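Structure at a glance
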Amino acid sequence: MVQGKFQFAIDRGGTFTDIWARCPNGKVIVMKLLSEDPSNYPDAPREGIRRILEKELKQPFPASQPLATSTIDWIRMGTTVATNALLERKGERMALVITKGFRDLLHIGNQSRPKIFDLEIVMPEVLYEEVVEVEERVVLKKSNCMLKTQCPVEKASTGEEVEIWEKVNTTKLREDLERLLAKGIRCLAVTLMHSYIYPGHEEEIGRLAESMGFTHVSLSSSTMPMARIVPRGYTACADAYLTPCIKRYLGSFVSGFTDIQDVKVQFMQSDGGLTPMNKFIGSRAILSGPAGGVVGYAMTTYEKEAGLPVIGFDMGGTSTDVSRYAGQFEHVFEMTTAGIMIQAPQLDVNTVAAGGGSRLFFRGGMFVVGPESAGAHPGPVCYRKGGYLTVTDANLVLGRLIPEYFPHIFGENENEPLDVSASRKAFQLLVDEVNKFVTSQDECQPLMSLEQVAMGFIKVANESMCRPIRALTQAKGYDTSVHVLACFGGAGGQHACAIAKALGMKTVFLHKYAGILSAYGIALADVVHEQQEPCSVKYVSESFSYLDERIAYLTDQCVQELMSQGFHRDDISTEPYLHLRYEGTDCALMCCTGSEFPATGATSKYGDFEKAFLQRYKLEFGFVISGRPILVDNVRVRGVGRSCVDLEQDIGKATSSPVPEAKREVFFDDSYHSTNLFNLESLLAGHVIPGPAIIIDKNSTIVIEPFCEATITKSGDVKIKIGSGIVRKVGKELDAIQLSIFSHRFMSTAEQMGRVLQRTSISTNIKERLDFSCAMFGPDGGLVANAPHIPVHLGAMQETVQYQMNSLGDAITEGDVILSNHPMAGGSHLPDLTVITPVFWPGEQKPVFFVANRGHHADIGGITPGSMPPHSKSIFEEGAVFKSFFLVKNGIFQEQDVTDALMSPAQYRGCSGTRNLHDNLSDLRAQVAANHKGILLIQELIREYSLEVVQAYMDHIQASAETAVREMLKEIAVNTKGATGSAHLSAADFMDDGSVIQLDIDIDENTGTAVFDFSGTTPEVYGNLNAPRAVTLSAIIYCLRCMVGHDVPLNQGCLKPVQVLIPNGCLLNPSDSAAVVGGNVLTSQRIVDVVLKAFQVCAASQGCMNNVTFGDESVGYYETVAGGAGAGPTWSGRSGIHSHMTNTRITDPEILEKRYPVIVKTFCLNRGSGGKGMFCGGDGVIREMLFRKDLTLSVLTERRVHEPYGLNGGSPGHRGLNLLIRKDGRMINLGAKASVDVKPGEIFRLLTPGGGAYGNDSGDKQDVDSKRRTSKFADGSHLTAKGSVFDYSLRQESA
């Protein structure tokens, strides 16, 4: 440290600004300020510095004058300026410049919707205000391309060759840019096809724009040169949108100082490294604040805990951040933040919408915490602003928060304490509601006290925060229990002991600066500079010299940059990384060699990257793929300039027992306990504090639960040893608190099964597209928990499990696993293979539970590759069929038998056996492994609670879902009867071949039951639009869940109040041998349309999945394409989105062109194709593909004859259209279903259907509603969640 100078580390958060300062004499000062307090100061970080300087130097520093910097050594900051601007959509006005044909690409994104049960699809708004389509095109040169083109060929940065099909039309572009300038737009994001390897066109546009006066131009090729135009485009937009905000903030901050250039001012980036102020940009700033916390616990807890891996737990007011550190920062390179996919190195910080401000509800007999938050305004009830009941209120009424030790900043004059009486009064209303429900279920049940209800919500909140921690660790093959829980943030200390206990952890660590750990971590952080470039070589010995050369070049760039910032070469370290993946997969891992994989004569001189990749792949996924080539996608070097800052100071040693400041009665589990209160500042090293106790710090409250013990370390930190405590016996009787906890545990079981399946599978469909579902079932085969949710799988597996029970009976024994896919056995379509395993328990003769999973296999034989033929007439043309097949018998995997079955379709004329046996067998083994994980978790649950209790709560949870559906049906019956005089509903709709789906619904308003009668539906068809009964049940469950409108457990209880009548032999209940592939992907959508039409909930969405396949003997590709969503009574339909029974993501255009012999010419909205009305339907899309070689094209679509209906006077959406444009310009309508040979140069043009409108067009209602919806989500509250766990769930729900 420079003698006689101050050092400041500051975390400017959304609510508070935390400051850690070290004075010239070594004294440390910690301060907290409101981030926004305009009546007292313009900038919180500067004000904090001013106050500290004034106090320590004992001289005035007037707030109105710039601060002199002569006494300041360095200032390091993290800030949420970028995050808040992104959440609240308050960035700079900017425009997007993109390749012609792709104007709506970032609106469409990956075409999936974030919440599958929300009929009103709310998507994050795009960041740009205007779009300029630039006439230019770069295409990858391919050896198998049969197009005869005469165009320039140039070398790309990866060594590949590209063809310049069209140069930049600068004349037209200049006109378009002048139009933007005239509108006052001065910032641009430029994103062109394949610019990550050929940046020339983007650079040309950048030079032109800057010469015309644009003040900020973000080129996607320089912001993050990685493949995939959609996330790269989002990243460039985020950079253009946020960097000016950051620069403006920095300018404002700097203006408050004199001679700031003489001070080292650095900012924390999302990757956990500092960067100079002038290099701090928007796309690297998103996690600036949370990154400091990760560095903080990594540099303290991990080092002090003998190298045990650490889980960081940062609980704030509106959300909780969870992360992991085991000696190395865990980075991700794509993360969705505030609805925008950012491509940049970021620490893997997982944010869940659960914090001190999470609101409390009692719904359907269950305790529900969040995700809604009370926010800072009005905040919890106890904040004296007329707020909502929250987790903070629960902690307050239980005595875990002590008002006199909490800042007195509440009330009209901001000088009053927390209001305990208001919290108790609000809780009493909720207690009355809970007890009313309890007595309605069982009059003999004792009533719950206010404290028991508040404690229940704390337990449910804790369980909801355990789930992402389990997911974060177990998804990567780690045991959660062998971690230390590092707790920080204002609210975390109140929950740390309970969460650690629930996760089986033995130690909790709270740093003495836990309340401001992000600021402290920023003080400890190193300066980081990274260089990265794309690559396209195989990782083989012939490539080593090229890779070594690129690593050396990037290393030199990093070193030069850090030396220019004043670092000596000896203080700079560099780490090379290769972004590696197996050929034919999308799962790339960023790998470094470190000291673990040193170089040998047969490797790169920078280490053995292959060994590093294989070890990490094995750890994360449980296997390696022998003989499969490994590809290098990117070369990256991370340069680190070491700060060499030693900030730890020892405190005095204890010579006697600690003396409590006071005693309070605090509620734990089921009673009040006399609890000692200690002030952290008065505790000394070696003090031991047995629980129950509360340790109070200026910035946080730490609750030491009974049977836990806290020790003060030599540097003043708190280390808590977690005891087992007294296990409270849970009975079979309904307990609303336990009901919520069991709901989480059952769902967690299904989720963890899914993680094992994803880790151990090998195919793209299951491993990367996550096209699977996992579930657990009761002894009667009834669904208990299904997660995550793929709509067409909902409830369908229950039929499969119950079919096996009826068919096999006592033949099912321990060690057996059953395989099934037949429609008559509860299957959806043949590629969806369901694997079922019984769960046995000692002393029980029959299975006590079942676990099952359903995964989509890419091929199981039949007449076409992919097993989804457009013209199949019999099920045997669609692939291998399994009704009740023993995949495992007595613990032995029946490999030969299942191989024979998968190859058996070859016996039918024109059919083939499976075309990918290796992947089938590998994925089936993974499905067996996933079920085994489910069995272990259920058995663990039974050991913890007993079999009878677990089964009792299975029944209770099913009853809860049943109650929610009954209440909804009663309400609908009353409303319908009031409007029409009858509780009878009916609807019909047509398939394109004229088949009709007829539905009549009769609801009993007294019992909340309904009969869904499909009599009158067309007989089974000679084609593949027949839908198995299980698909109809899935569609009904989906519709019921959408109409309930809030989270309910998805299980057999949802269908219990509903009787479904489907005549044998009709379209929705066909014969054994009927073809069904179209029923699963097309008819399922029409069933939803008919159900929602009967209930008059919303207009029809596109009603189709637009299945497109092309290929030949060497290559095959399959996609489903978005369309328009239907409008409802208060919303317009979303354009370019998947709806209802599908939610699959679409392949990025750059990846599609790289791997397949096609060119994507157009992918944009088909404007005006949505229906017109008071609320308009969403528009469909236009998608054009040009073929580069001879291929077979197949389309399986609907809504090409009958339009998607409008409701209440709204007009219908436009029909879809499938066109083939021949080389001579002839345009051919292919119809709804076709298979046709295509030639090089021919174009397939797909126009997908729009959504129907709702209501007559009566003027300005639409504008009013759009404003309502904008303001409803203006705070970004629906965009809180982020991180790898959140991205996984998004991918799963978009499978």
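So, how was this worked out
Residues numbered from 1 in each chain as written. Predicted model: local features only at pLDDT ≥ 70, side-chain atom pairs only at ≥ 80, totals over all residues. Heavy atoms only, no water. Helix = DSSP H or I, 4+ residues; strand = E, 2+ residues; numbered from the N terminus. Buried < 20%, exposed > 50% of the residue type's maximum accessible area, 1.4 Å probe, protein only. Contact = heavy atoms within 4.5 Å. Lys, Arg positive; Asp, Glu negative; His and termini not counted. Charge placed at Lys NZ, Arg CZ, Asp CG, Glu CD. Phe/Tyr/Trp six-rings, centres within 6.5 Å; stacked < 30°, edge-to-face > 60°. Lys NZ or Arg CZ within 6 Å of the ring centre and 35° of its normal. pLDDT = per-residue confidence, 0-100. Pairing = 2+ DSSP bridges. Axes fitted to C-alpha atoms, helices over the stretch in contact; angles between N-to-C directions.

1. What about the overall build of the protein chain?
For the protein chain, the count of helices and strands is 26 helices and 57 strands. Its C-alpha atoms put the protein chain at 90 × 85 × 70 Å along the principal axes. Across the 1295 residues of the protein chain, 63% fall into the buried class. Look at the contacts in the protein chain between residues 6 or more apart in sequence, and 71% of them connect residues 24 or more apart. Taking the 125 positively charged and 147 negatively charged side chains of the protein chain as two groups, their mean positions are separated by 2 Å.

2. Looking at the packing of aromatic side chains
This structure, assessed with the given rule, holds 29 aromatic pairs. Seen from their ring centres, Phe117 and Tyr1038 are 5.9 Å apart, and the 40° between their planes marks the pair as tilted. Taken together, the residues span a long stretch of sequence, with Phe117 in the loop between α3 (105–108) and β7 (130–134) and Tyr1038 in helix α22 (residues 1029–1044) at a distance of 921 residues. Here the two residues Phe117 and Tyr1038 agree in accessibility, since each one is buried. Both rings, one in Tyr325 and one in Phe329, keep their centres 5.2 Å apart while their planes meet at 55°; by these two values the pair is tilted. Under the relative-accessibility criterion, Tyr325 is labelled buried at 5%. One aromatic cluster is present, formed by Phe362, Phe367, Phe427, Phe437 and Phe457 through successive ring pairs. Here the basic side chain of Arg76 rests over the ring of Trp74, its NZ or CZ set 4.2 Å away from the ring centre. Over the face of the ring belonging to Tyr1022 we find Lys873, whose NZ or CZ atom lies 5.6 Å from the ring centre.

3. Describing the environment of Glu549
Position of Glu549 among the secondary structure elements: in helix α14 (residues 544–564). Here Glu549 falls in the partly exposed class, since its relative accessible area comes to 47%. Counting along the chain gives 71 residues from Glu549 to Tyr478, while the straight-line C-alpha distance between them is 36 Å.

4. Description of the confidence of the model for the protein chain
Put simply, the protein chain has an average pLDDT of 88, and 95% of its residues get 70 or more. For the protein chain, helix α25 (residues 1261–1272) is the element with the lowest average pLDDT, namely 38, and strand β57 (residues 1243–1247) is the one with the highest, namely 98. In this model residues 1260–1277 is a low-confidence stretch, pLDDT under 50, and it forms 25 contacts with partners more than four residues away in sequence or in other chains.

5. Side note on the sheet that holds strand β11 (residues 187–191)
Taken in spatial order, the four strands of this open sheet run β7-β6-β11-β12, and their pairing is parallel. Strands at the two margins of the open sheet, each flanked by one partner only, are β7 and β12 (216–219). Strand-to-strand twist of the sheet, defined as the mean angle between neighbouring strand axes without regard to direction, takes the value 20°. Pairing geometry for strand β6 (residues 94–99) and β11, over five bridges, is parallel. The residue bridging Met94 from the neighbouring strand is Cys187, located in β11. Across the sheet, helix α4 (residues 170–182) is in contact with β6, β7 and β11; its angle to β7 comes to roughly 170°.

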